Amino acid sequence: MLSPPAVSGSASPLTYLVEPRTKEEIGLPETFLSDHILKILYTSGVMQGSEIASALRVRFRDVVEPLLSDLKRDNLVEVRGGNHLNPASYRYDLTEKGVQRARKAWERSRYVGPCPVPLEQYIGIIKTQATQRPRVGEAEVVGAVEHLVLSPETVEFIGPAVNSFKSLLIYGPPGNGKTSVAKSISSHLLGGEVMVPYALFADGQVIKVYDVETHRALAEPEAVHPGHPNPDGRWVRCHPPVISAGGELTLPELDLAYNDVARFYEAPLQLKANGGMFLIDDFGRQQMPPEALLNRWIVPLEERMDFLTFHTGKKIAIPFETLIIFATNLNPEELVDDAFLRRIRHKLGIDYPTERQYHQIFLEACEQRSIAFNQETYTHLVEQYY
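Residues numbered from 1 in each chain as written. Predicted model: local features only at pLDDT ≥ 70, side-chain atom pairs only at ≥ 80, totals over all residues. Heavy atoms only, no water.

*Asks:* Explain the overall build of the protein chain here, please?
*Replies:* Scanning the protein chain from N- to C-terminus turns up 16 helices and 17 strands. Structurally, the protein chain occupies a C-alpha span of about 85 × 50 × 35 Å along its principal axes. Within the protein chain, residue pairs in contact and separated by at least 24 positions form 71% of the contacts whose partners lie at least 6 positions apart. If you sum the accessible surface of the protein chain, you get close to 19,100 Å²; carbon and sulfur atoms cover 50% of it. (Helix = DSSP H or I, 4+ residues; strand = E, 2+ residues; numbered from the N terminus. Contact = heavy atoms within 4.5 Å. Areas by Shrake-Rupley, 256 points an atom, 1.4 Å probe, with all protein chains shown as cover.)

This is how it looks when you write it as structure tokens:
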């Protein structure tokens, strides 16, 4: 069962996801949990009960200790010492029978990280996060793009596009700030925080989600009073993730990637970006027809659900709560048909700067580089090249 999020002071209700207090609240099959412990001992050797609980990111007393007791009863693990007054200090090792079962579990899957989160629990948290997403105001938008020279109409457009948190197409000639606008959104306008699971468990398979290269973890908040419930260690509290892909993007990167050696799955880019932003830059220049890439997004854009496929052919549905931005310097009407353009909620055209804007850009560029502005040089540049 999914424990309701607890509130820490004035922070988001998702600051704390209360740690599961029983095996049932974890929501995983007991055989999976037992095999997971055996694999941890198989790869790490003798460990204290508290160390096993730390590796799993779950409670020792209510979750790990009962599992270890069952494994000991079945002659799969044995105690090698410890303080008899503190069961968490007991040192556990595999028996010969335990080694055999651990090897079989290892051959099925070599995932030995924190306990995965069941897909049903993940869906519930993602939907809750979507209702708590902070909205941006005019002042925040102006501050986010103050380093850019943009028309007032462009600035006014950005706020509604971000607040919709659906889809945005930015188009126009190259070199006029499309990518800079997208990066300003990601840097300044994706407020709040998101909870990212280390891994998911679906249809008997493990999907690794948390990525240190993608997700920026936040420090855990301190408890506001004694006895405050501990946070669920299976999740990492993060800034909203931002993932950018350009012409190198391929369709396989948008589906589950099965590792034949490790025998578990890696989450695709858009799943890692859930709760944040996914920028597809240089749209139309990927090594695939634009129609193929666009067709991949029809269902997520319409249904806010994404369907991922295991190598067995089984599909699972994942919430698609991501601000997806397409940036291109190609003509959108030549890339996609009207039906797809209608599915994109917001469309922002960024054209060449006016002469007044160009003058402002030039002045700011001189100031940033500590170069004295020269009117004659500027006039020549405008007359010959602008």
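*Asks:* Explain the nonpolar core to me, please; I cannot follow it from the model alone.
*Replies:* Inside soluble globular proteins, nonpolar side chains tend to come together where they are buried. Residues Ile37, Ile52, Val64, Tyr122, Ile207, Leu271 and Ile316 are the most contacted members of the largest nonpolar core, which totals 59 residues. Once residues lying within four places of it in the same chain are set aside, the contact partners of Leu271 are Tyr122, Leu200, Ile207, Val209, Leu308 and Ile318. Residues Ile158, Leu168, Leu323 and Ala327 belong to the second largest nonpolar core, which totals 24 residues. (Core = buried A, V, L, I, M, F, W, Y, C linked by side-chain atoms within 4.5 Å. Buried < 20%, exposed > 50% of the residue type's maximum accessible area, 1.4 Å probe, protein only.)

*Asks:* I'm lost on the sheet that holds strand E7 (residues 199-202) in this one. Help?
*Replies:* The strands making up a sheet are joined through hydrogen bonds of the backbone, oriented either antiparallel or parallel. Read across the open sheet, the 5 strands follow the order E4-E7-E8-E12-E11; overall the sheet is mixed. Whereas interior strands pair on both sides, the edge strands pair on one side only; in this sheet they are strand E4 (117-118) and strand E11 (257-258). Pairing of E4 with E7 involves 2 bridges; the strand directions are parallel. Paired with Val117 across the bridge in E7 is Leu200. (Pairing = 2+ DSSP bridges.)

*Asks:* Would you take a moment to explain the sheet that holds strand E1 (residues 47-48) for this structure?
*Replies:* Strand order in this open sheet of 3 strands is E1-E3-E2, and the pairing throughout is antiparallel. Each edge of the open sheet is held by one strand with a lone partner, namely E1 and strand E2 (77-79). Relative to strand E3 (residues 91-94), E1 runs antiparallel, the two sharing 2 bridges. In the strand pairing of E3, Gln48 is matched with Arg91. Those strands touched by helix H2 (residues 30-44) are E1, E2 and E3, and its axis lies near 90° from that of E3. (Axes fitted to C-alpha atoms, helices over the stretch in contact; angles between N-to-C directions.)

*Asks:* Honestly, the side chain of Asn274 in this entry has me stumped. Any pointers?
*Replies:* Here Asn274 lies in the loop between helix H10 (269-272) and strand E13 (277-280). Here Asn274 falls in the buried class, since its relative accessible area comes to 5%. For Asn274, the side chain forms a polar contact with the main-chain nitrogen of Glu321, separated by 2.9 Å. With residues up to four places along the chain from it excluded, the contact list for Asn274 reads Tyr122, Ile126, Pro241, Ile318, Pro319, Phe320, Glu321 and Thr322. (Polar contact = N/O pair within 3.5 Å; in protein donor to acceptor, adjacent residues only side chain to side chain.)

*Asks:* Teacher, can you tell me more about a negative patch on the surface here?
*Replies:* A grouping of Glu291, Glu333, Glu334, Asp337 and Asp338 is seen on the molecular surface, where their side chains present a negatively charged patch. Mapped onto the fold, Glu333 is located in helix H13 (residues 332-335). (Patch = residues over 30% accessible without salt bridge, like charges linked within 9 Å, V, L, I, M, F, W, Y side chains within 5 Å. Salt bridge = Lys/Arg side-chain N within 4 Å of Asp/Glu carboxyl O. Lys, Arg positive; Asp, Glu negative; His and termini not counted. Charge placed at Lys NZ, Arg CZ, Asp CG, Glu CD.)

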